[in-house]
Every structure is written in structure tokens, then in C-alpha cells.
Amino acid sequence: MKKITGTLIWYYFVCKREVWFMAHEITPFQDDPFLEIGRIIHEYSYSREKKEIEAESMKFDIVKRKDSDFVIAEIKKSSRFLEPALMQLAFYLYKLDKQGLKMKGELLIPKEKKRVKVTLNDELKRKLEDAISHIKELVKSEIPPHPQKISFCKRCAYNEFCWA
Ligand code: SF4
């Protein structure tokens, strides 16, 4: 299967059916205005600080040093999907931790002037490990899970696959 990425973790905490679509590389419709709004906020709000880092199955926005800690930060357009965003960032901290890099995380929500600190603890690790093993099981299935109407469906690029 496709590697488990931070994006897949994000979707896991939003919609399991969407995880199946993504893991099977089914291409969604691209004219989603929310993708564009997200991109614009991302580009302008932190342009001076902005630095995008890509590493194996990870892609995050900013790495900075705060006192003795190294911090990775993710920029989000709202706190509406706080749990998925938090778990995505925790996944990056978890991957880095496995490589011997102890880092802290921050979720930045410029539109709401919010900063949420994320520290990888045992509870988060357990939650992530459960999610990772469930994703592996989920994508082995020949068919996706049934659609469940959630608020995200309105903005989901796979909407037509579920509700047309
Ligand atoms: S439209 Fe709704 S049920 Fe279908 S994949 Fe998207 S979020 Fe999931």
C-alpha cells in the first residue's frame, strides 16, 4: 500500500472512507475552492517565516528553535478540524522521535491568531499506533467503508463519489 503520511492521518480522523480513496490513489475533483483559500492563507500569513520542509512521509511548514527546544509548526486555516490537525502534527513528532529527534509541535491558525502546543506523550503515541494499524487494515479492503454524512462532506473533493 501507499506509505502512511501525515495527510492520511489527518483524513483518518475526519473520514475513513476518504482514507480508502486516498490510499487507493483515486483522484478527487480538483476545482475545490477551499483548497485555493487554504493555499492563499498559507502563502501570505507567514511569508517571512515560511519554510516548508519535506522528509520521508512528512511535509511540514516551519522548523524553529525556541529556548532549548526545536519546534515544528503546521499552519492551518481554521481550528474547525483541530483533532485531525493535532494528530497529523503528532504523527510528524512520532516519526521524528523514531529517528531520535525529540521535537515539540505547534499548530498555527493565523486567521484566528491561535497557537496550540503539541507534545508527544504516551497517550498520543498509543492513539497514533492504533490509527496506523487501523489504516493498514482499512486499505486492505476491496471496497471503501460506507459514506457517513458529516459536516466535512460539503467541502470534500470526493463528495460526488458519495452523494451524487
Ligand atoms: S464526501 Fe463525506 S463520506 Fe464521502 S469521502 Fe468525503 S467526507 Fe467522506
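About the criteria used
Residues numbered from 1 in each chain as written. Predicted model: local features only at pLDDT ≥ 70, side-chain atom pairs only at ≥ 80, totals over all residues. Heavy atoms only, no water. pLDDT = per-residue confidence, 0-100. Helix = DSSP H or I, 4+ residues; strand = E, 2+ residues; numbered from the N terminus. Contact = heavy atoms within 4.5 Å. Phe/Tyr/Trp six-rings, centres within 6.5 Å; stacked < 30°, edge-to-face > 60°. Buried < 20%, exposed > 50% of the residue type's maximum accessible area, 1.4 Å probe, protein only. Lys NZ or Arg CZ within 6 Å of the ring centre and 35° of its normal. Near = heavy atom within 4 Å. Nonpolar A, V, L, I, M, F, W, Y, C, P; charged D, E, K, R; others polar. Core = buried A, V, L, I, M, F, W, Y, C linked by side-chain atoms within 4.5 Å. Pairing = 2+ DSSP bridges. Right-handed = clockwise from strand over helix to strand, strands pointing away. Salt bridge = Lys/Arg side-chain N within 4 Å of Asp/Glu carboxyl O.

Here's the deal with the confidence of the model for the protein chain
Predicted coordinates in areas of low pLDDT are best not read in detail. For the protein chain, the average pLDDT comes to 83, and 80% of its residues sit at 70 or higher. Within the protein chain, the lowest mean pLDDT, 48, falls on helix α3 (residues 33-45), and the highest, 95, falls on helix α5 (residues 122-140). Contacts from residues 40-48, a stretch scored under 50 in pLDDT, to residues over four places away or in other chains number twelve contacts.

Details of the packing of aromatic side chains
In this structure the tally under the stated criterion is eleven aromatic pairs. Here the aromatic rings of Tyr-12 and Phe-13 are separated by 5.1 Å at their centres, their planes lie at 85°, and the arrangement is edge-to-face. Classification of Tyr-12 as buried rests on a relative accessible area of 9%. Under the relative-accessibility criterion, Phe-13 is labelled buried at 19%. Ring geometry for Tyr-158 against Phe-161: centres 5.7 Å apart, planes inclined by 40°, an arrangement best described as tilted. The exposure class assigned to Tyr-158 is buried, which follows from its relative accessible area of 4%. Each residue in the set Trp-10, Tyr-11, Phe-81 and Phe-152 is aromatic and connected to the rest through ring pairs, giving one cluster. The aromatic ring of Tyr-12 is capped on one face by Lys-16, whose charged end is 4.1 Å from the ring centroid. A cation sits over an aromatic face here: Lys-149 above Trp-163, 4.1 Å from the ring centre.

Examining the site of the ligand
Taken together, Cys-15, Glu-18, Pro-147, Gln-148, Ile-150, Phe-152, Cys-153, Cys-156, Asn-159, Cys-162 and Trp-163 make up the full set of residues near the ligand. Classifying every residue of the shell around the ligand gives eight nonpolar, two polar and one charged.

Description of helix α2 (residues 16-23)
Buried residues dominate α2, accounting for six of its eight residues. On its buried face, α2 is in contact with α1 (6-12), α5 and α6 (159-163). Immediately beyond the C-terminal end of α2, within one or two residues, lies Glu-25, with a positive phi of roughly 55°.

Remarks on the nonpolar core
Judged by nonpolar contacts, the single largest core of 40 residues is most densely connected at Ile-9, Val-19, Ile-72, Leu-128 and Ile-135. Broken down by secondary-structure element, the contributors of at least two residues to this core are α1, α2, α4 (82-98), β6 (114-118) and α5. Considering every element that reaches this core, the biggest residue donor is α4, with nine residues. Apart from residues no more than four positions distant in its own chain, Ile-9 is found in contact with Ile-4, Met-87, Gln-88, Phe-91, Leu-128, Ile-132 and Ile-135.

Regarding the pairing of strand β4 (residues 69-75)
In terms of burial, β4 is largely enclosed, as five of its seven residues are buried. As paired strands, strand β3 (residues 62-66) and β4 are joined by five bridges and run antiparallel to one another. Residue Lys-64 lies in a different strand from β4, and its bridge partner there is Val-71. Counting the residues between successive antiparallel strands, the hairpin from β3 to β4 contains two residues, one of them, Asp-67, with a positive phi of roughly 55°. Bridge count for β4 against strand β5 (residues 104-109) is five bridges, and the pairing is parallel. When the sheet's bridge partners are listed, Val-71 is paired in β5 with Lys-104. The handedness of the β4 to β5 crossover, carried by α4, is right-handed.

What about the pattern of salt bridges?
Following the criterion strictly, the structure yields seven salt bridges and no others. Across the pair Asp-97 and Lys-125 runs a salt bridge whose closest N-O atoms are separated by 3.7 Å. With Asp-97 in helix α4 and Lys-125 in helix α5, the pair connects residues that are 28 residues apart, well separated along the chain. With a relative accessible area of 19%, Asp-97 lands in the buried category. With a shortest N-O distance of 3.7 Å, Lys-114 and Glu-112 are connected by a salt bridge. Overall, the relative accessible area of 38% leaves Lys-114 in the partly exposed class.

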